[in-house]
Amino acid sequence: MNSSTSLRIAFLDLDHTLLAADSNQLWMSYLLEHGLISDADLAVHEGYVDDYGHGRLDFADLLVFRNRIDGSIAPGMLSEHLERFAVAVLLPAIAADAPALVAGLHAEGLETLVVSASSETLVRPVAHALGITQVIGADSNPGLGWPCFGAGKVHHVEDWLARRGQSLAGLAESRFYSDSHNDLPLLESVDRPCAVDPDPVLARVAAARGWPVISLRREAVPA
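Just so you know, the residues in each chain are numbered from 1, in the order the chain's sequence is written. Local features in this predicted model are restricted to residues whose pLDDT is 70 or higher, and side-chain atom pairs enter the listing and the counts only when it is 80 or higher, whereas totals over whole chains, interfaces and linings include all residues. No hydrogens and no water enter the side-chain calculation; it runs on all heavy atoms of the structure.

Participant: Sorry, what's going on with the nonpolar core here?
Facilitator: Counting 46 residues, the largest nonpolar core has Leu18, Val114, Leu130, Ile132 and Tyr177 as the members making the most contacts within it. When checking whether two residues touch, look at their non-hydrogen atoms; a contact exists if any pair is within 4.5 Å. Those residues in contact with leucine 18 that sit more than four places away from it in its chain are Leu12, Asp13, Ile94, Ala95, Ala98, Val102, Val114, Leu130 and Ile132. In terms of nonpolar packing, the next biggest core, distinct from the first, is built from 23 residues, Leu113, Val157, Leu186 and Leu187 among them. Take the buried Ala, Val, Leu, Ile, Met, Phe, Trp, Tyr and Cys residues and link them wherever side-chain atoms come within 4.5 Å; each set so joined is a nonpolar core. Between buried and exposed lies partly exposed: a residue is buried under 20% and exposed over 50% of the maximum accessible area for its type, with that area taken using a 1.4 Å probe on protein chains only.

Participant: Please clarify how the pattern of salt bridges should be interpreted in this entry.
Facilitator: Side-chain pairs of opposite charge can arise whenever the charged atoms involved come near each other. By definition, a salt bridge exists where a carboxyl oxygen of Asp or Glu is found within 4 Å of a side-chain nitrogen of Lys or Arg. Tallying each qualifying case throughout the model produces 14 salt bridges. A salt bridge links aspartate 13 to lysine 153; the shortest N-O distance between them is 3.1 Å. With aspartate 13 in the loop between strand E1 (8-12) and helix H1 (14-18) and lysine 153 in helix H8 (residues 152-162), this residue pair connects regions lying 140 residues apart in the sequence. With a relative accessible area of 2%, lysine 153 lands in the buried category. The way it works is that DSSP assigns letters per residue, a run of H or I at least four long becomes a helix, a run of E at least two long becomes a strand, and they are numbered from the N terminus.

Participant: Would you mind showing me how to read the side chain of glutamine 134 here?
Facilitator: Topologically, glutamine 134 is positioned in strand E3 (residues 134-136). Judged by its relative accessible area of 17%, glutamine 134 is buried. In this structure the side chain of glutamine 134 is engaged in a polar contact, spanning 3.3 Å, whose partner is the side chain of glutamate 111. Here a polar contact is taken to be a pair of N or O atoms separated by no more than 3.5 Å, where protein atoms must pair a possible hydrogen donor with a possible acceptor and residues adjacent in sequence count only if both atoms sit in side chains.

Participant: What is the right way to look at the packing of aromatic side chains in this model?
Facilitator: Any pair of aromatic rings gets described here by the distance separating the centres and the angle formed by the planes. By convention, a stacked pair of Phe, Tyr or Trp rings (six-membered ring in the case of Trp) has centres within 6.5 Å and planes under 30 degrees apart, an edge-to-face pair has planes over 60 apart, and any other such pair is tilted. What the rule picks out here adds up to six aromatic pairs. A ring pair is formed by tryptophan 27 and tyrosine 30, whose centres lie 5.6 Å apart and whose planes are at 10°; its orientation type is stacked. Highlighted residues: tryptophan 27 and tyrosine 30, both in helix H2 (residues 23-33), separated by three residues, approximately one helical turn. Taking the relative accessible area as the measure of exposure, tryptophan 27 reaches 4% and is therefore buried. With a relative accessible area of 5%, tyrosine 30 lands in the buried category.

Participant: Explain the packing of helix H3 (residues 39-53) against helix H4 (residues 59-71) here, please?
Facilitator: Packed helix pairs are specified by the crossing angle of their axes together with the interaxial distance, meaning the distance between the axes. Lines fitted to the C-alpha atoms define the axes, with helices restricted to the stretch that makes contact. Angles between their N-to-C directions range from 0 to 180 degrees. At a minimum axis separation of 11 Å, H3 and H4 run at an interaxial angle of 155°. Relative to H4, H3 is oriented roughly antiparallel. Between H3 and H4 lies a crossing whose hand is left-handed. Along the contact surface, H3 presents Asp41, Val44, His45 and Tyr48, while H4 presents Asp61, Leu62, Phe65, Arg66, Arg68 and Ile69. Under the scheme applied, nonpolar residues are Ala, Val, Leu, Ile, Met, Phe, Trp, Tyr, Cys and Pro; charged residues are Asp, Glu, Lys and Arg; polar residues are all the others, including Gly. In terms of residue class, the contact of H3 with H4 is made up of five nonpolar, one polar and four charged. Reported orientations rely on four angle classes, namely roughly parallel under 35 degrees, roughly antiparallel over 145, roughly perpendicular from 65 to 115, and oblique for the rest. Throughout, a crossing is termed right-handed when the near helix is turned clockwise from the far one, and left-handed when it is turned anticlockwise from it by less than a right angle.

Participant: Which parts of the structure should I look at to understand the environment of leucine 42?
Facilitator: Note that leucine 42 resides in helix H3. With residues near it in sequence (within four places) discarded, leucine 42 still touches Met28, Ser29, Leu32 and Ile37.

Participant: Which parts of the structure should I look at to understand the side chain of glutamate 173?
Facilitator: Along the chain, glutamate 173 falls in strand E4 (residues 173-178). There is a polar contact of 3.1 Å between the side chain of glutamate 173 and the side chain of arginine 192.

Participant: Looking at this model, I keep getting lost on the sheet that holds strand E2 (residues 111-115). Mind explaining?
Facilitator: Two pairing modes exist for strands in a sheet, parallel and antiparallel, and in both the strands are linked by backbone hydrogen bonds. Taken in spatial order, the six strands of this open sheet run E3-E2-E1-E4-E5-E6, and their pairing is parallel. On the outer flanks of this sheet lie E3 and strand E6 (213-214), each paired with one strand and no other. The pairing of strand E5 (residues 192-196) with E6 spans two bridges and is classified as parallel. Considered in E6, the bridge of alanine 195 is made with valine 213. Those strands touched by helix H7 (residues 120-129) are E2 and E3, and its axis lies near 155° from that of E3. Between any two strands, at least two bridges found by DSSP are needed for them to pair.

Participant: Mind showing me how you'd approach the pairing of E1 here?
Facilitator: In the case of a regular strand, side chains alternate between the two sheet surfaces. Among the five residues that make up E1, four are buried, leaving the element largely enclosed by the rest of the structure. Looking at chain direction, E1 and E2 are connected through four bridges and run parallel. The partner of isoleucine 9 across the bridge, within E2, is glutamate 111.

Written as structure tokens, this is what we have:
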């Protein structure tokens, strides 16, 4: 691998960035459709989604909930449904221009890494389809002591780099593409932050700071 003085990396968020949807909401809806969770389970998850949008999410509590849901399904059945879900639901939700963005980054010579608060089982199919081999998910490094969410994403990225003898500050170039104000800590830690189909809070921050704002979708994004 290149030395830290020449390494250029683009970090990319998953949900509502590379995907034009939230992978966990899609998964929960799929599970409900197949009779594997209840309407009450879905309502609980939607409550977490609402908390996320308002910047008050208890991420540790959400992880317990998600692990309980997946743990309630027999492992063999879970694997089978995850494969079906990826093909039928998850991959079709990739934002229309996400492949072009990733291909462009690779053409520029940047390495790419998806950094997501979703589990690797949801992150990896999308990353693989886009030609990205490296991912950090919510369950990638549970022993780190920080959730891969909010400021925790910075710690996960720094840990990932440190195991390669590198750091964010030592990179020749760093970029981060995200839709969410919850990702401001990592956006503020890279050389070139980019807001992708941003939520209202991130849109205001990007405008105030002169950050680029792009869309990977070909339809209007709700305000």
